[in-house]
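Each chain is listed here by its residues.
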Amino acid sequence: LQNELLNLPEAWDVTTGNPFIRIAMVDVNFRRTHEELSGKVNLDYAPAYSFLANNEHGTMTAALAAGNANNGKGISSSGFNSRLDLYELHPDPNPDSNYSFNNMLDAAMNGARVINCSWHNGCYGFVQSQQQIIDMIHDVYNTIIVAAAGNSTCGSPTAYNYPSAYNHVIAVSGVGHRLDVTPANLACGWSYKDLHKAN
């Protein structure tokens, strides 16, 4: 059902990605041996953390973007014929460092056509130096940036979330077909495929 909600069948009629198109994932905890990522990684600039079985965030986001298809594992990815570049998401979002944003710039300089950022900057709000890095990625390297809308992680459903609220960034949220994303619904055993972002 998620494929239909995202209109993926129609998108696949246009493109299923291209092995010459690289999608940079700025994230953590990639399980490189996962069937969805096997043979997909072009550049690997993320440290090989000990894989934590209860935290598959990097693996999940990479598989959604360009994971292997038709293998009976995981779910269908939007651009399954594309390749992946893996970059470290720094655990400290202190805006004075811009560590993760510099990794985004490195990804663009290394030829990534799309950069995925499924995170926020620690709710620090707008930081001019971060916007300048994103401007350079957009203006000089013509790279597309996609970032998580945040699902109200910064204290309010109307709070701006960065990097998704910066200029030249496409903000995306979760999508489902039944219920709001709330702790109560998750505690009742609903999975994220059953949920949609509360407005």
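Reference entry: report on the structure contained in this document. Here the structure is a predicted model, which is why all the values come from computation and not from measurement.

The rules behind the values
Residues numbered from 1 in each chain as written. Predicted model: local features only at pLDDT ≥ 70, side-chain atom pairs only at ≥ 80, totals over all residues. Heavy atoms only, no water. Salt bridge = Lys/Arg side-chain N within 4 Å of Asp/Glu carboxyl O. Helix = DSSP H or I, 4+ residues; strand = E, 2+ residues; numbered from the N terminus. Buried < 20%, exposed > 50% of the residue type's maximum accessible area, 1.4 Å probe, protein only. Pairing = 2+ DSSP bridges. Right-handed = clockwise from strand over helix to strand, strands pointing away. Core = buried A, V, L, I, M, F, W, Y, C linked by side-chain atoms within 4.5 Å. Contact = heavy atoms within 4.5 Å. Phe/Tyr/Trp six-rings, centres within 6.5 Å; stacked < 30°, edge-to-face > 60°. Axes fitted to C-alpha atoms, helices over the stretch in contact; angles between N-to-C directions. Parallel < 35°, antiparallel > 145°, perpendicular 65-115°, else oblique. Nonpolar A, V, L, I, M, F, W, Y, C, P; charged D, E, K, R; others polar.

Once their charged atoms are close, side chains differing in charge can pair, the charge on each being opposite to the other. The full count for this structure, using the stated rule, is 2 salt bridges. A salt bridge links arginine 32 to aspartate 44; the nearest nitrogen and oxygen atoms lie 2.6 Å apart. Of this pair, arginine 32 sits in the loop between β1 (22-27) and β2 (41-45) while aspartate 44 sits in strand β2, and the two are 12 residues apart along the sequence. Since its relative accessible area comes to 38%, aspartate 44 is described here as partly exposed.

So, on to the pairing of strand β4 (residues 114-117). Sheet topology note: the β1/β4 ladder contains 3 bridges and is parallel. Following the sheet pairing, alanine 24 is matched in β4 by isoleucine 115. Relative to strand β5 (residues 144-148), β4 runs parallel, the two sharing 4 bridges. Its bridge partner lying in β5, cysteine 117 is registered against alanine 147. Crossover handedness for the path β4 to helix α5 (residues 128-139) to β5: right-handed.

What follows deals with the nonpolar core. Core analysis: the biggest nonpolar cluster contains 22 residues, and Met104, Ile115, Ile137 and Ile145 have the highest contact counts within it. Sorting the residues of this core by element identifies β1, α4 (99-109), β4, α5 and β5 as the ones contributing at least two each. Looking at which element gives the most residues to this core, the answer is α4, with 5 residues. Apart from the residues within four sequence positions on either side, isoleucine 137 is in contact with Met104, Leu105, Ala108, Ile115, Asn142, Thr143 and Ile145.

What follows deals with α4. Each α-helix winds once per 3.6 residues, and so residues spaced three or four apart point in a common direction. Turning to α4, its buried residues number three or more, namely Ser100, Phe101, Asn103, Met104, Leu105, Ala107 and Ala108. Directly after α4, the chain includes glycine 111, whose backbone phi takes a positive value near 105°.

Here the amide bond leading from tyrosine 162 into proline 163 is cis, since omega sits at 20°, within 30 degrees of zero. Locating proline 163 in the fold gives a position in the loop between β5 and β6 (169-172). Phi is positive for asparagine 29, which is not a glycine, with a value near 65°. Along the polypeptide, asparagine 29 turns up in the loop between β1 and β2. Phi is positive for histidine 168, which is not a glycine, with a value near 70°. With respect to the helices and strands, histidine 168 occurs in the loop between β5 and β6.

So, on to the packing of aromatic side chains. As enumerated under the stated definition, the model contains 7 aromatic pairs in all. Between tyrosine 45 and tyrosine 87 the ring centres are 5.2 Å apart and the planes differ by 25°, which places this aromatic pair in the stacked class. Taken together, the residues tyrosine 45 in strand β2 and tyrosine 87 in strand β3 (residues 83-88) connect sequence positions 42 residues apart. Relative accessible area serves as the criterion here: at 48%, tyrosine 45 is assigned to the partly exposed category.

Packed helices, taken two at a time, are described by the angle their axes make and the gap between the axes. In contact at an axis separation of 10 Å, α4 and α5 are set at 10° when each is read in the N-to-C sense. Viewed along their axes, α4 and α5 adopt a mutual orientation that is roughly parallel. Only Gln130, Ile133, Ile134, Met136 and Ile137 of α5 make contact with α4, whose side of the interface consists of Phe101, Asn102, Met104, Leu105 and Ala108. Split by residue class, the contact of α4 with α5 holds 8 nonpolar, 2 polar and no charged.

Summarising burial for β3: 5 of the 6 residues are buried, a large majority. Summarising the sheet, β1 and β3 pair through 6 bridges and their orientation is parallel. Along β3, the bridge assignment pairs valine 26 with tyrosine 87.

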